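Chains, contacts and geometry: an overview
What follows is each chain in one-letter form.
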Amino acid sequence: MDALASYNVLTPDIRTAARALGEQVELASAQSSGLPVVVIGYSLGGLIARYYVQRLTGDAYVPLVITLATPHGGTATALLAPAHPLLRQLRPGSELLTELAEPAAGCRTRFVAFYSDLDEAVIPAARGRIDHPDLAARNVLVPGVGHLTLPLHQPVVEQVRSLLTAIQQATFGA
């Protein structure tokens with residue numbers, strides 16, 4: 001089932017965008033007779049997806065979230081940006097990131113976080129990892145690739161395809 005959900009860059013809050021994503025995921029799940037929905041989030045989209053499954057019970061619908069170049073631990077570049085409410089949430093130690101660091105016992109979603117050591121938007125690079133004791137997360141370092149090219153990098157595309165194939169085979173027994 002394909003469903004497209006997007007956020008408006010003028011949205012002042014990741015939580016609001018996560019609720020909108022949740023509506024789209026739940027609609028897609030209902031239209032596909034309850035089949036699981038995999039969410040792939042690039043950059044800020046990864047935080048929106050993570051917030052939905054981790055804090056808004058989206059783990060009931062989403063068995064896997066794949067993030068690409070997502071500032072899970074915030075980013076130093078947000079400290080230099082204008083004080084837009086959305087960008088403040090990307091600052092290390094923000095209220096939103098503190099909330100995501102809270103216990104998430106029972107979260108059923110698996111996460112795969114692709115991050116790079118040359119990401120010019122997620123600084124330092126380790127902030128692209130998901131390091132949460134309650135989350136089943138696999139962090140994949142993609143060396144030498146920038147923020148804009150990481151989602152297009154052929155080895156990343158192949159790994160994402162493999163993850164999606166595995167979910168499809170587990171769901172349909174193919």
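Residues numbered from 1 in each chain as written. Predicted model: local features only at pLDDT ≥ 70, side-chain atom pairs only at ≥ 80, totals over all residues. Heavy atoms only, no water.

Moving on, we come to helix α2 (residues 44-55). Helix length check: α2 (12 residues) gives 16 Å between terminal C-alpha atoms against 16 Å at 1.5 Å per residue, within 8%. Within α2, 11 of the 12 residues are buried, which leaves the element mostly enclosed by the surrounding structure. Taken together, the buried positions of α2 are occupied by Leu44, Gly45, Gly46, Leu47, Ile48, Ala49, Arg50, Tyr51, Tyr52, Val53 and Gln54. The inward-facing, buried residues of α2 abut α1 (14-31), β1 (39-42), β2 (64-68), α4 (85-88), α5 (95-101) and β3 (110-115). Where α2 terminates, the next one or two residues include Thr57, which has phi positive at roughly 60 degrees. (Helix = DSSP H or I, 4+ residues; strand = E, 2+ residues; numbered from the N terminus. Expected span 1.5 Å × (residues − 1). Buried < 20%, exposed > 50% of the residue type's maximum accessible area, 1.4 Å probe, protein only. Contact = heavy atoms within 4.5 Å.)

We now examine the side chain of Ser32. Checked against the element boundaries, Ser32 lands in the loop between α1 and β1. Only 3.0 Å separates the side chain of Ser32 from the backbone oxygen of Ala28, close enough to count as a polar contact. (Polar contact = N/O pair within 3.5 Å; in protein donor to acceptor, adjacent residues only side chain to side chain.)

Take the pattern of salt bridges next. Counted by the stated rule, this structure contains 7 salt bridges. Of the charged contacts, one joins Glu99 and Arg55 as a salt bridge, the two residues approaching to 3.4 Å between their closest N and O atoms. Of this pair, Glu99 sits in helix α5 while Arg55 sits in helix α2; the two residues are 44 residues apart in sequence, bridging distant segments of the chain. With a relative accessible area of 15%, Glu99 lands in the buried category. (Salt bridge = Lys/Arg side-chain N within 4 Å of Asp/Glu carboxyl O.)

Here the focus is the nonpolar core. Counting 29 residues, the largest nonpolar core has Ile14 and Val39 as its most contacted members. The element that contributes the greatest number of residues to this core is α2, accounting for 7 residues. Here Ile14 is in contact with Leu44, Leu47, Ile48, Tyr51, Leu86, Gln89, Leu90 and Leu96, once residues within four sequence places are set aside. Judged by nonpolar contacts, the second largest core, of 13 residues, contains Val112, Phe114, Val142 and Val160. (Core = buried A, V, L, I, M, F, W, Y, C linked by side-chain atoms within 4.5 Å.)

Sheet strands line up and pair through hydrogen bonds in the backbone, either parallel or antiparallel. The sheet built from 4 strands is open, its strands ordered β1-β2-β3-β4 with parallel pairing. Only two strands of the sheet have a single partner each, and these edge strands are β1 and β4 (136-141). In this sheet, neighbouring strand axes are inclined to one another by 15 degrees on average, regardless of whether the strands run parallel or antiparallel. Two strands pair when backbone bridges link them, and β2 and β3 are joined in this way by 5 bridges, in the parallel orientation. Counterpart to Ile66 in the pairing with β3 is Val112. (Pairing = 2+ DSSP bridges. Axes fitted to C-alpha atoms, helices over the stretch in contact; angles between N-to-C directions.)

Taking 1.5 Å of rise per residue, the 18 residues of α1 would be expected to cover 26 Å, and the 25 Å separating its terminal C-alpha atoms lies within 8% of that figure. Taken residue by residue, α1 has Ile14, Arg15, Ala17, Ala18, Leu21, Gly22, Val25, Ala28 and Ser29 as its buried positions. Taken end-on, α1 shows its buried residues confined to a sector of 145 degrees, consistent with a single buried face. Residues Glu23, Ala30 and Gln31 are exposed on α1 and point more than 90 degrees away from its buried face. As for α1, its buried residues are in contact with β1, α2, α4 and α5. A distance of 3.0 Å separates the backbone nitrogen of Arg15 from a side-chain oxygen at the start of α1, and that oxygen is part of Asp13. Two residues or fewer past α1, Ser33 is found with a positive phi of approximately 60 degrees. (Arc of directions from axis to C-beta.)

Of the two faces of β1, only one is covered, namely that formed by Val39 and Gly41; the face formed by Ile40 and Tyr42 stays uncovered. Of the strand pairs in this sheet, β1 and β2 are connected by 4 bridges, and their pairing is parallel. Bridge pairing in β2 places Tyr42 opposite Leu68.

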